[in-house]
Amino acid sequence: MRGAAERFRGGAQPFREGAPRVVVAGATGFAGALAAQLLWRHPGFELFAVTGRSDTGRPLEALYPRYRVPLEVEELEASRLEGVDAAIVAYPHAAAAPTVAVLRELGMRVVDLSADFRLASLATYERWYGPHPRPELLDEAVYGLTELHRAQIVGAAIVANPGCYPTAAVLGLAPLARAGLLGDVVVYAKQGISGAGRAFDETTHLSFAGENILPYKVAEHRHTPEIEEQLALLGADLPVQFQAHLVPVDQGELASCYVTPTRAIAAGELAELYREAYRDEPFVEVAPAPPGTREVFATNFCRIYAAADEHTGKVVVLSAIDNLWKGTSSQAVQNLNVMYSLPETEGLL
């Protein structure tokens, strides 16, 4: 593996001299390819290599022309990664952890996009996913919802990038959880078919997904414990009723959260609670009206709207993100920025 600086001298990648070198493992999937594109144009990192378990020898731009990353897809060979500082690992759960272990042995810092390190509780992981491939690494991992765990991410060896649904739901519910106002919550979430990845099946094939709305993993979605664990850390230890739906759009996600508060809350107090919670967050916007997914398309922004329903006494929170960006790849780059003490918005605005 020769670095991008050697292969493309002449300024094709605008990285700084001495910038941290980063590998994207699993760059042939949707999330990995977008992460590679964001790093390729990032002024603070050098995209050293892109690896994959398929399509080796082909330029990534041949698979994803719109990303224009000319690096060839290579096999991941640990012996050829000397001098690489960090990696984004874009493998499925259970397949990611062994790769993370190899990279950690090389001294690399890792942002993992799988579920393998998102849950602090080993028992909870094994209940929902089965035996953990590398449980000895759990103590090294920090949950990578940047807005909630920024201080821990700075020094982390492994950052577990959140799932897209928990990103939208937890950011939407965090102000209420911190204030002790979550009595009960139902999260009704909708996502574009890109969330299913490149491996299409009968639920994501265009003939089924087009002109259709598909609920899936009813009463068994694996993002449920992730949402519950994060809300519990904020003081709201309660079961969450979560239901995911595929909708016929390419990318985008909207989490509609229906909350029974622990006490009555007026519209003015609710608005101030959210304004104060996210006043200094560069990528969270408190919207003046209900957001749509087009407002956050191809951005790292989460756009949130909260309303008090005087008729029912409930609170409705709407949280919109791009599932491939803030829900996955751009959030990984946001975390890398924090890990390396770069401006958090660098390469993302």
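Structure first, text after, so check above.
This text gives an overview of the structure that appears in the document. From a predicted model like this one, the values you see are computed outputs, not experimental measurements. (Residues numbered from 1 in each chain as written. Predicted model: local features only at pLDDT ≥ 70, side-chain atom pairs only at ≥ 80, totals over all residues. Heavy atoms only, no water.)

### Some remarks on the pattern of salt bridges
Then, number 1: As enumerated under the stated definition, the model contains 14 salt bridges in all.
Then, number 2: With a shortest N-O distance of 3.2 Å, Arg58 and Asp55 are connected by a salt bridge.
Then, number 3: Residue Arg58 is classed as partly exposed on the basis of its relative accessible area, which comes to 37%. (Salt bridge = Lys/Arg side-chain N within 4 Å of Asp/Glu carboxyl O. Buried < 20%, exposed > 50% of the residue type's maximum accessible area, 1.4 Å probe, protein only.)

### As for the sheet that holds strand S5 (residues 109–112)
Then, number 1: If you walk across this open sheet you meet the 7 strands as S3-S2-S1-S4-S5-S7-S6, and the pairing is parallel. Every other strand in the sheet has two partners, leaving strand S3 (73–74) and strand S6 (141–143) as the edge strands with one partner each.
Then, number 2: The sheet contact formed by strand S4 (residues 86–89) and S5 spans 4 bridges and is parallel. Residue pairing in the sheet places Val89 in a bridge with Asp112 of S5. (Pairing = 2+ DSSP bridges. Helix = DSSP H or I, 4+ residues; strand = E, 2+ residues; numbered from the N terminus.)

### Some details on the packing of aromatic side chains
Think of a pair of aromatic rings as described by two things: how far the centres are apart, and how the planes are tilted against each other in angle.
Then, number 1: Summed over all chains, the structure comprises 6 aromatic pairs.
Then, number 2: Taken together, a centroid distance of 5.5 Å and an interplanar angle of 65 degrees make the contact between Phe283 and Phe301 edge-to-face. Of this pair, Phe283 sits in the loop between helix H10 (267–277) and strand S12 (284–286) while Phe301 sits in the loop between S12 and strand S13 (302–308), and the two are 18 residues apart along the sequence.
Then, number 3: Judged by its relative accessible area of 0%, Phe283 falls in the buried class.
Then, number 4: An aromatic cluster is defined as three or more aromatic residues linked by ring pairs; in this entry it consists of Phe30, Tyr64 and Tyr67.
Then, number 5: The ring of Tyr91 is capped by Arg53, whose NZ or CZ atom sits 4.4 Å from the centre of that ring.
Then, number 6: Above the plane of the ring of Phe297 lies Arg294, whose end atom (NZ or CZ) is 4.8 Å from the centre. (Phe/Tyr/Trp six-rings, centres within 6.5 Å; stacked < 30°, edge-to-face > 60°. Lys NZ or Arg CZ within 6 Å of the ring centre and 35° of its normal.)

### Describing the nonpolar core
Then, number 1: Leu39, Leu47, Val50, Leu60, Ile88 and Leu336 are the most contacted members of the largest nonpolar core, which has 45 residues in total.
Then, number 2: Those elements that place two or more of their residues in this core are strand S1 (21–25), helix H2 (30–40), strand S2 (46–51), helix H3 (60–63), S4, strand S14 (315–321) and helix H11 (325–339).
Then, number 3: The element that contributes the greatest number of residues to this core is H2, accounting for 8 residues.
Then, number 4: The residues touching Leu336, leaving out its near neighbours within four places in the chain, are Val22, Leu39, Phe45, Ala86, Ile88 and Val111. (Core = buried A, V, L, I, M, F, W, Y, C linked by side-chain atoms within 4.5 Å. Contact = heavy atoms within 4.5 Å.)

### A short note on the layout of surface pockets
Then, number 1: Within this model, the second largest pocket holds a volume of roughly 230 Å³.
Then, number 2: Lining the second largest pocket are 14 residues, and of these Arg118, Ala120, Ala141, Val142 and Tyr143 lie nearest its centre.
Then, number 3: Within the residue set of the lining of the second largest pocket, elements represented by two or more residues are S6, helix H6 (146–154) and helix H9 (223–233).
Then, number 4: Considering only residue class, the lining of the second largest pocket consists of 8 nonpolar, 3 polar and 3 charged. (1 Å grid on protein atoms, 1.4 Å probe; cavity = no way out; pocket = protein on both sides within 12 Å on 5 of 7 lines; lining within 4 Å. Points joined across faces, edges and corners; volume = space filled by probe spheres on them. Nonpolar A, V, L, I, M, F, W, Y, C, P; charged D, E, K, R; others polar.)

### Points about the packing of helix H7 (residues 164–178) against H9
Then, number 1: H9 packs onto H7 with a crossing angle of 25 degrees between their chain directions and a minimal axis gap of 10 Å. As judged from the angle between their axes, H7 and H9 are roughly parallel. The two elements H7 and H9 meet at a crossing, and its hand is right-handed. Residues Cys164, Tyr165, Pro166, Ala169, Val170, Leu173 and Ala177 of H7 form the contact with H9, whose own contacting residues are His223, Glu226, Ile227, Gln230 and Leu231.
Then, number 2: Broken down by class, the residue content of the contact of H7 with H9 amounts to 9 nonpolar, 2 polar and 1 charged. (Axes fitted to C-alpha atoms, helices over the stretch in contact; angles between N-to-C directions. Parallel < 35°, antiparallel > 145°, perpendicular 65-115°, else oblique. Left-handed = near helix turned anticlockwise from the far one by under 90°.)

### Side note on the pairing of S5
Then, number 1: Neither face of S5 is exposed, since Arg109 and Val111 on one face and Val110 and Asp112 on the opposite face are all buried.
Then, number 2: Regarding topology, helix H4 (residues 96–105) serves as the crossover connection from S4 to the parallel S5, and that connection is right-handed.
Then, number 3: The pairing of S5 with strand S7 (residues 158–160) spans 3 bridges and is parallel. Paired with Val111 across the bridge in S7 is Val159. (Right-handed = clockwise from strand over helix to strand, strands pointing away.)

### Topic: H11
Then, number 1: Along its 15 residues, H11 runs just 18 Å from first to last C-alpha, ending more than 12% under the 21 Å computed at 1.5 Å per residue.
Then, number 2: The largest bend along H11 reaches roughly 45 degrees and is located at Gln331.
Then, number 3: Across the 15 residues of H11, 15 count as buried, placing the element largely inside the fold.
Then, number 4: Ser341, located one to two residues past H11, shows a positive phi value of around 55 degrees. (Expected span 1.5 Å × (residues − 1). Bend = angle between axes of the 7 residues up to and from the residue.)

### Some remarks on the pairing of S2
Then, number 1: Here S2 lies mainly inside the structure; 6 of its 6 residues are buried.
Then, number 2: Here 5 bridges tie S1 to S2, and the two strands are oriented parallel to one another. Residue pairing across strands places Arg21 opposite Glu46, the latter belonging to S2.
Then, number 3: Note on the crossover from S1 through H2 to S2: the handedness is right-handed.
Then, number 4: Looking at chain direction, S2 and S3 are connected through 2 bridges and run parallel. Within S3, the position partnered with Thr51 by the bridge is Glu74.

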